[in-house]
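# Descriptive analysis of the structure
Below, each chain spelled out in residue letters.
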Amino acid sequence: MNDVDAVTEAIASYATGLTGNDIPAAALHGMKRRLVDTMGCALGGFNGRPVTIARQVAATTRGEPSARVFFSGEVTTVETAAFANSLMVRYLDFNDTYMAREGGHPSDVIAATIAAADGAGLSGAGALVAMVAAFETVCALAESESLGAHGIDHSLHVAIGSAVGACKVMGLTDRQTAHAVAMATASNVALKVSRDGQLSMWKSGSAANAAKSGVFCARLASMGMTGPGDAFM
């Protein structure tokens, strides 16, 4: 690819090239543990007021492909399911934490990847590989840059990771994945103020919104939408 920067290309190449055979057994087991933990967090957050609002929105939205809201089974768009389910996971703030140059919760990408997999009818084994790709992308970005020092929220990494997970689920090409990553990067520079000072419901909503956006960018890329070539420059 010569139409995107080196970082975008590296992320896309990693995501599209990853197979189940590349993932060590211990890492795959670790991903399964995080999946179970994520679902436990979602169950705990199911009745939270922000989650209830998101579920109400989901109940009024239909699309093709469609995906389901966790536990209630409401059928909605893939993007809205990604938002409602990610919000459900994050609401109690008990999901995993990864502390590197930039902190964050890599498992924020799991619900988005599941929503995309639900919409695509992907097998559980395939969805796990996509989750690993998304999760590792978030961790690599957290180790590479400090967003909070510049007033940017770490949910930017969630958007990129969610785009990777959705692209992997959908079987997109290197180029399509690169443009989904570029769009997710350029359009999700959220403010850290979401989790500073007097907290609002949006503290748990910022990462969920990023997850939704990552899935949306993947769907756009699958239809030929292109993103900026220098998203990381």
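Everything that follows concerns the structure shown earlier in this document.
Description of the structure in this document.

Thresholds applied
The residue numbering used here restarts from 1 in each chain and proceeds along that chain's sequence as written. Reporting of local features is limited, given that this is a predicted model, to residues whose pLDDT is at least 70; pairs of side-chain atoms are given and counted only at 80 or more, and all residues count toward the totals for whole chains, interfaces and linings. Values shown for side chains rest on all heavy atoms present in the structure; no hydrogens or waters enter the calculation. All axes here are fitted lines through C-alpha atoms, helices being fitted over the stretch that makes contact, and every angle between N-to-C directions spans 0 to 180 degrees. Strands here mean DSSP runs of E at least two residues long; helices mean DSSP runs of H or I at least four residues long; both are numbered from the N terminus. An angle below 35 degrees is treated as roughly parallel, one above 145 as roughly antiparallel, one from 65 to 115 as roughly perpendicular, and anything else as oblique. Handedness of a crossing follows from how the near helix is turned relative to the far one, being left-handed for an anticlockwise turn of less than a right angle and right-handed for a clockwise one. Contacts: residue pairs with any heavy atoms within 4.5 Å of one another. Nonpolar residues are Ala, Val, Leu, Ile, Met, Phe, Trp, Tyr, Cys and Pro. Charged residues are Asp, Glu, Lys and Arg, and all others, Gly as well, are polar. Residues are called lining when one of their atoms sits within 4 Å of a cavity or pocket point, these points coming from a 1 Å grid over the protein atoms alone, where a cavity is a set in which a 1.4 Å probe fits but cannot get out and a pocket is an open set with protein on both sides within 12 Å along at least five of seven lines. Grid points are joined across faces, edges and corners, and a volume is the space filled by probe spheres set on the points. Patch building starts from residues that exceed 30% relative accessible area and form no salt bridge, then joins like charges within 9 Å and nonpolar side chains (Val, Leu, Ile, Met, Phe, Trp, Tyr) within 5 Å. For every accessible area listed, the method is Shrake-Rupley and the probe measures 1.4 Å; residues are considered covered only by the protein chains on display. By salt bridge we mean one thing: a side-chain nitrogen of Lys or Arg within 4 Å of a carboxyl oxygen of Asp or Glu. Partly exposed residues are those whose accessible area sits between 20% and 50% of the maximum for their type, while under 20% is buried and over 50% is exposed, using a 1.4 Å probe and protein chains only.

Now for the packing of helix α1 (residues 6-17) against helix α8 (residues 174-187). Close contact between α1 and α8 brings their axes to 8 Å; oriented N to C, the two are set at 125°. Considering the angle they form, α1 stands oblique to α8. Here α1 runs over α8; the crossing is right-handed. Contact with α1, carried on its side by T8, I11, A12, S13, A15 and T16, involves D174, T177, A178, V181 and A182 of α8 and no other residues of that element. Looking at the contact of α1 with α8 residue by residue, the class counts come to 6 nonpolar, 4 polar and 1 charged.

This paragraph deals with empty space enclosed by the protein. For the coordinates displayed, the defined rule picks out 1 cavity of 30 Å³ or more. If you add up the space inside the largest cavity, you get close to 60 Å³. Lining the largest cavity are Y98, E102, G103, G104, H105, P106, D108, V138, A142, H154, H157 and V158. If you list the elements that add at least two residues to the lining of the largest cavity, you get α6 (124-144) and α7 (155-170).

A few words now on the environment of A112. Along the chain, A112 falls in helix α5 (residues 108-120). Distance from A112 to T80, taken between C-alpha atoms, is 9.6 Å for residues 32 residues apart in sequence. Setting aside anything within four residues of it in sequence, one finds A112 in contact with A82, S86, S162, A211 and V215.

Here we come to a nonpolar patch on the surface. A surface patch of nonpolar side chains, about 240 Å² in accessible area, is lined by I53, V57 and M201. Along the chain, M201 turns up in the loop between α8 and α9 (202-222). Given a relative accessible area of 44%, M201 falls into the partly exposed group.

Relative to the assigned elements, E64 resides in the loop between α3 (49-59) and β1 (66-68). Note on E64: relative accessible area 71%, which makes it exposed. For E64 and T76, which are 12 residues apart along the polypeptide, the C-alpha to C-alpha distance reads 8.7 Å.

All right, on to the pattern of salt bridges then. A side chain with one charge may pair with a side chain of the opposite charge, provided their charged atoms come close. The final tally for this structure, using the stated rule, is 8 salt bridges. Here R219 makes a salt bridge to E79, at a shortest N to O gap of 3.0 Å. Separated by 140 residues along the polypeptide, R219 in helix α9 and E79 in helix α4 (residues 78-90) bring together distant segments of the chain. Looking at E79, the relative accessible area reads 11%, which means it is buried. Taking the shortest distance from any N to any O, the salt bridge between R90 and D93 comes out at 3.2 Å. Residue R90 is classed as buried on the basis of its relative accessible area, which comes to 3%. One connected set of salt bridges, linked through shared partners, spans R90, D93, D108 and K203.

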